[in-house]
Amino acid sequence: LKMKYNEEQAKRRRLHNQVEDAKGNIRVFCRCRPLSKAESSSGCSTVVDFDAASNGELGILNSSSVKKTFRFDRVFTPIDNQVDVFAQASPLVTSVLDGYNVCIFAYGQTGTGKTFTMEGTEGNRGVNYQTLEELFKIAKERNDTFTYDISVSVLEVYNEQIRDLLTTSSSSSTSKKLEIKQAAEGLHSIPGLVEAKVENIQEVWNVLQAGSSARAVGSNNVNEHSSRSHCMLCIIVRAKNLLNGECTKSKLWLVDLAGSERLAKTDAQGERLKEAQNINRSLSALGDVVSALANKSSHIPYRNSKLTHLLQDSLGGDSKTLMFVQISPSEHDLSETLSSLNFATRVRGVELGPARKQI
Ligand code: ADP
């Protein structure tokens, strides 16, 4: 009986692995924020149906109550917390310690929780901080076999220009405490990008703080500025296997993208129009790259934007990619929500059939 049980278990494991392989290296998780206090008190209704969320399905009801169903690798409802979310992302994140390049990005309309998911808040740390915490924990567990050097770069892309936030902040007192060096090999098109070596979570915190205060410099309205720029954290892991001397270098990009909302065409002029065009260009370039990868296309158009150019060696090949599509539950955001979910569906390379009627 025991033998039969073991055989059965082995068969299940094989099946599970086949399913995992078939999914490839691209995952899309959808996360819906709660209704805000203002939305609840104004009697705003929600358009999201989470009945099949545990199967990765999300229903969106239009004004005539017709339901359109979307399917993702995971669906997080407003009651899922930061720990629940990280628990699903952590295997991917920690594969950077095994030498894989990984890219995680949050996509969606401004105000849907991209920064909440990636950065989090004081008592509710997001993916960035939890990732580094986990990397240090695993590195320590493996310290009889491996040595790991972990460093961090923080940059932003605004109007197709790259700004190194650790250079900008290097005169501030926080960053003086960091051991900062110029990246010898350079990362793609940005030779000399500053890397801060981090040895514990307090140092990470200092780097992240230095990066966010530099982001605020030179902008009149920090919130507006951050919704129009891509904030990028790059974690570089250099590993040495103490048993065979083998060395590897891998990268993990954690990206809080600019807001995906369509600006009313008539409103945007001058600087705003230029910003909107650059955001559209980089987000659609990112969508084109990931969907070309998901569809195993022979040409991957990395060169169409700074964003995709920077991420080039962390998207495709052996690299693993995770996209969070962030949405609002509110009826007022319905058209932006549908547009984000359609984008994410295209990225995932799997389309569902036509909309089904709600029963
Ligand atoms: P974005 O970065 O997409 O513009 P934010 O991360 O700033 O959006 O989120 C907008 C607001 O909603 C913030 O006040 C944030 O704390 C809150 N929020 C977003 N997602 C959640 C969530 N899952 N749970 C609780 N509050 C959230």
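See the structure printed just above.
These notes cover the structure that comes with them.

Conventions adopted
Counting restarts for each chain, with residues numbered from 1 along the sequence as it is written. Selection of residues for local features in this predicted model requires a pLDDT of at least 70, selection of side-chain atom pairs for listing and counting requires 80 or more, and totals for whole chains, interfaces and linings are taken over all residues. Helix and strand assignments come from DSSP, with helices taken as H or I runs of at least 4 residues and strands as E runs of at least 2, each series counted from the N terminus. Think of it as a crowd count around each C-beta: if 20 or more other C-beta atoms lie within 10 Å the residue is buried, if 12 or fewer it is exposed, and in between it is partly exposed, with C-beta placed from the backbone throughout. Expected helix span is given by 1.5 Å per residue-to-residue step, counting one fewer step than there are residues. By definition, the arc is the one covered by directions from the helix axis to the C-beta atoms. What counts as a contact is two residues whose backbone-derived C-beta atoms lie within 7 Å of each other. Two strands qualify as a pair provided that DSSP identifies no fewer than 2 bridges between them.

### Here we look at the environment of Leu-283
The residue Leu-283 is located in helix α10 (residues 270-294) in this model. By C-beta crowding, Leu-283 is classed as partly exposed, having 19 other C-beta atoms within 10 Å. Expressed as a C-alpha distance, the spacing of Leu-283 and Ser-305, which sit 22 residues apart in the sequence, is 8.7 Å.

### Re helix α12 (residues 334-348)
Because an α-helix packs 3.6 residues into every turn, residues spaced three or four apart end up facing the same way. A rise of 1.5 Å per residue sets the reference length of α12, with its 15 residues, at 21 Å; its end C-alpha atoms lie 21 Å apart and thus fit the reference within 8%. Taken residue by residue, α12 has Glu-336, Thr-337, Ser-340, Leu-341, Phe-343, Ala-344, Val-347 and Arg-348 as its buried positions. Down the axis of α12, the sector holding all buried residues measures 155°, keeping them to one side. Against the buried residues of α12 lie β1 (26-32), β3 (57-61), β4 (67-71), β6 (102-107), α10 and β15 (320-327). Looking at the residues trailing α12, positive phi occurs at Gly-349, about 75°.

### Observations regarding helix α5 (residues 127-141)
Compared with an ideal rise of 1.5 Å per residue, which puts 15 residues at 21 Å, α5 spans 21 Å between its outermost C-alpha atoms and is within 8% of the ideal. All buried positions along α5 are accounted for by Val-127, Asn-128, Tyr-129, Thr-131, Leu-132 and Leu-135.

### Remarks on the pairing of β15
For β15, the tally of buried residues reaches 8 of 8 residues, placing the bulk of the element in the interior. Because side chains alternate across β15, one face comprises the buried residues Lys-320, Leu-322, Phe-324 and Gln-326, and the other comprises Thr-321, Met-323, Val-325 and Ile-327, equally buried. Examined bridge by bridge, β6 and β15 share 6 bridges and lie parallel to one another. Following the sheet pairing, Ile-104 is matched in β15 by Leu-322.

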